[in-house]
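Analysis of the macromolecular model
Take a look at the letters that make up each chain.
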Amino acid sequence: MPSLLIVNAEVVNEGRRFEADVLVQDGRIAAVGPDLQGRPAERVLDAGGRLLLPGMIDDQVHFREPGLTHKADLQSESRAAVAGGITSFMEMPNCKPPTLDAERLAAKCARAAEVSRANYAFYLGASNDNIDAIRSLPVGDACGVKVFMGASTGSMLVDDPTVLDAIFRDSPVLIATHCEDTPTILANEAKYRERYGEDVPMEAHPLIRSEAACLKSSTLAVELARRHDARLHVLHLTTARELALFEPGPVAGKRISVEACVHHLYFDERDYADKGALIKCNPAIKRAEDREALLAAVAEDRIDVIATDHAPHLLEEKDGTYFQAPAGLPLVQDALPSLFHHVHAGRLSVEQVVRKTSHAVAECFNLQERGFIREGYWADLVLVDASSPVERTRDQVLYKCGWSPFEGRELGARIIATLVNGEVAYENGRVDDAVRGRRLAFGPTR
Ligand code: DOR
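Summary of the structure given here. What you see is a predicted model, and the numbers here were worked out from it, not measured in a lab.

How each quantity is defined
Residues numbered from 1 in each chain as written. Predicted model: local features only at pLDDT ≥ 70, side-chain atom pairs only at ≥ 80, totals over all residues. Heavy atoms only, no water. Core = buried A, V, L, I, M, F, W, Y, C linked by side-chain atoms within 4.5 Å. Buried < 20%, exposed > 50% of the residue type's maximum accessible area, 1.4 Å probe, protein only. Helix = DSSP H or I, 4+ residues; strand = E, 2+ residues; numbered from the N terminus. Near = heavy atom within 4 Å. Polar contact = N/O pair within 3.5 Å; in protein donor to acceptor, adjacent residues only side chain to side chain. Areas by Shrake-Rupley, 256 points an atom, 1.4 Å probe, with all protein chains shown as cover. Nonpolar A, V, L, I, M, F, W, Y, C, P; charged D, E, K, R; others polar. Pairing = 2+ DSSP bridges. Axes fitted to C-alpha atoms, helices over the stretch in contact; angles between N-to-C directions. Contact = heavy atoms within 4.5 Å. Salt bridge = Lys/Arg side-chain N within 4 Å of Asp/Glu carboxyl O. Phe/Tyr/Trp six-rings, centres within 6.5 Å; stacked < 30°, edge-to-face > 60°. Lys NZ or Arg CZ within 6 Å of the ring centre and 35° of its normal. Expected span 1.5 Å × (residues − 1). Arc of directions from axis to C-beta.

Let's talk about the nonpolar core
Grouped burial of nonpolar side chains is what soluble globular proteins tend to show. Counting 108 residues, the largest nonpolar core has Leu53, Val147, Ile167, Phe168, Phe340 and Val384 as its most contacted members. With 6 residues, the single largest contributor to this core is helix α7 (residues 211-228). Counting residues in hydrophobic clusters, the runner-up holds 20 residues, among them Met90, Val361, Cys364 and Leu440.

Written as structure tokens, this is what we have:
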């Protein structure tokens, strides 16, 4: 692997921002310092004073392989991920067939080794009848166990109280939950159907997938985790009210952590008028007050990590009634640039963005040798130009589904280059299709 010297970078790492050069050898960070310019390297990359960050580690994506590859696949979406500055991803089990046992987990890893441009890991899915597969999961074989405590895309709802109790008692790895109470949602749906028939307006989505539905389910998850001292990670929080369930402070050592997603930090209910089903997702995008509270909770370390929940669907599929349009947005290519929108607005610092998208994700999952710009760590790096806002246009979208919810909206930064294990996987609009990611390695989290 050729060595690479990055010069004139503004490195942002571990709460500090400083001018430095970074030497990359054998895929790893060999040196970080103020004057490495004399050091021999096969390639020198002049950062031109731009920001150099540890690559984003996205702990929640749906890449749709196997079985739903008309929407997306591991190759197409990992290309979009590296173009967006994401160097590692953790992928969800609601594909077809769902990832419910060790064999399917191994098959996904094998496929990713062939085609993924970014580093990868996969969740084992939970169901009402795979507790044995969960109990026998070796630490490190999956990034976690995904439990749909509310029904969403696919049919992976776990609603048997005995099974839920057993998962929280016995899971040998981190438990990641989707929290929305399905009976509450079904009752709301019936109410709205009675009033509007099939023509329910998209603005009703946050009232159907309501605050009460979220709070009931996340409260149960936290109760179960406390009862069994489980390692719980609540995915995609969307409401101000749920925030009281979580503690502020550094993620290291927390038994209960929580994630927010980029679209819930960027859009709010006013955007349904313009974007309609394109921003329909579960849990729903809610009120401006909720978005504000989530941003404040990121800043005070109550929300531990920021991810995407990248969940692509075709435009034709989105073009239906409220009940027909599937939930989910494609996000990996625009996620990190979208966070710089909050940096320019003075809501988040670059140091906080780096902590939430990289350092804290590594700590949360006990991910080995990634997530920091440290000598000896894998060189997963992203060079970012945050000097001026950028508009997303459809012609640059790399997702298989071919659209982005940010079209016509402002992003706060442009990704210039992305290094995955020391290789330049993306540079100036071009993905290097020869680059392959590695499987992520994890220490114990239970
Ligand atoms: O909006 C969503 N889409 N939320 C989920 O939980 C699943 C995802 C998907 O797979 O489409």
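Considering the site of the ligand
Around the ligand, 14 residues are found, and the nearest of them are Arg64, Asn94, Thr153, Asn282 and Ala327. One of the side-chain nitrogen or oxygen atoms of histidine 62 is found 3.3 Å away from an oxygen atom of the ligand. In the environment of the ligand, an oxygen atom lies 2.8 Å from a nitrogen or oxygen atom belonging to the backbone of asparagine 282. Contact with the protein chains removes 100% of the 290 Å² of surface that the ligand exposes when unbound. By residue class, the composition of the shell around the ligand is 4 nonpolar, 8 polar and 2 charged.

Overview of the sheet that holds strand β8 (residues 119-122)
In spatial order, the strands read β6-β7-β8; together these 3 strands make up an open sheet with parallel pairing. Whereas interior strands pair on both sides, the edge strands pair on one side only; in this sheet they are β6 (56-61) and β8. On average, each strand axis in the sheet is tilted by 20° relative to the strand beside it, whichever way the strands run. Note that strand β7 (residues 86-91) and β8 share 4 bridges and pair parallel. Bridge assignment links glutamate 91 to a residue of β8, and that residue is phenylalanine 122. Sitting on the sheet, helix α13 (residues 350-365) is in contact with β6 and β7, with an inclination near 60° to β6.

A closer look at the sheet that holds strand β9 (residues 124-125)
If you trace the 6 strands from one edge of the open sheet to the other, you get β9-β10-β11-β12-β13-β14, paired in parallel fashion. Unpaired on one side and paired on the other, β9 and β14 (305-307) mark the two borders of the sheet. Pairing of strand β13 (residues 256-261) with β14 involves 3 bridges; the strand directions are parallel. Paired with cysteine 261 across the two strands is alanine 307, which belongs to β14.

A word on the pattern of salt bridges
Opposite charge on two side chains permits them to pair, given that their charged atoms come into close proximity. Here the structure, examined in full by the defined rule, presents 37 salt bridges. Two residues, aspartate 73 and lysine 400, come together in a salt bridge whose shortest N-O distance is 2.8 Å. You can see aspartate 73 sitting in the loop between β6 and α1 (74-83) and its partner lysine 400 sitting in the loop between β16 (390-391) and β17 (410-411), a full 327 residues away along the chain. Overall, the relative accessible area of 14% leaves aspartate 73 in the buried class. In this structure lysine 400 comes out as partly exposed when scored by relative accessible area, which is 38%. One salt bridge connects glutamate 180 with arginine 209, and the closest N-O pair in it is separated by 2.5 Å.

A look at the packing of aromatic side chains
The tally for this structure, following the rule as stated, stands at 10 aromatic pairs. A ring pair is formed by tyrosine 266 and phenylalanine 406, whose centres lie 4.8 Å apart and whose planes are at 85°; its orientation type is edge-to-face. In this pair, tyrosine 266 sits in helix α8 (residues 262-266) while phenylalanine 406 sits in the loop between β16 and β17, placing the two residues 140 residues apart along the sequence. Ring centres 6.3 Å apart and planes at 90° place the aromatic pair phenylalanine 372 and tyrosine 377 in the edge-to-face group. Of the aromatic side chains, those joined through ring pairs into one cluster are Phe63, Phe89, Tyr120 and Phe122. Between the NZ or CZ atom of arginine 28 and the centre of the ring of tryptophan 378, over which it lies, the distance is 4.0 Å. Above the ring of phenylalanine 148, the side-chain terminus of lysine 146 is found at 3.7 Å from the ring centroid.

Some details on the side chain of histidine 205
Its location among the elements puts histidine 205 in helix α6 (residues 205-208). Within the structure, the side chain of histidine 205 is placed 2.8 Å from the backbone oxygen of cysteine 281, a separation counted as a polar contact. At 2.6 Å, the side chain of histidine 205 forms a polar contact with the side chain of tyrosine 322. Those residues in contact with histidine 205 that sit more than four places away from it in its chain are Tyr272, Lys280, Cys281, Asn282, Ala284 and Tyr322.

Let's talk about helix α2 (residues 102-115)
Taking 1.5 Å per residue as the helical rise, α2 with its 14 residues ought to reach 20 Å, and the 20 Å between its terminal C-alpha atoms agrees with that figure. For α2, the full list of buried residues reads Leu105, Lys108, Cys109, Ala112 and Val115. Looking straight down α2, one finds its buried side chains confined to an arc of 145°; they lie on one side. With respect to the buried face of α2, the exposed residues turned more than 90 degrees away are Ala102 and Glu103. Against α1, β7, β8 and β9 lie the buried residues of α2.

Looking at the pairing of strand β18 (residues 414-420)
Along β18, 6 of the 7 residues are buried, which leaves the element largely enclosed by surrounding structure. Note: strand β15 (residues 381-385) against β18, 5 bridges, orientation antiparallel. Within the sheet, the bridge partner assigned to aspartate 385 lies in β18 and is arginine 414. As judged from the 4 bridges shared by β18 and strand β19 (residues 423-427), these two strands associate in the antiparallel manner.

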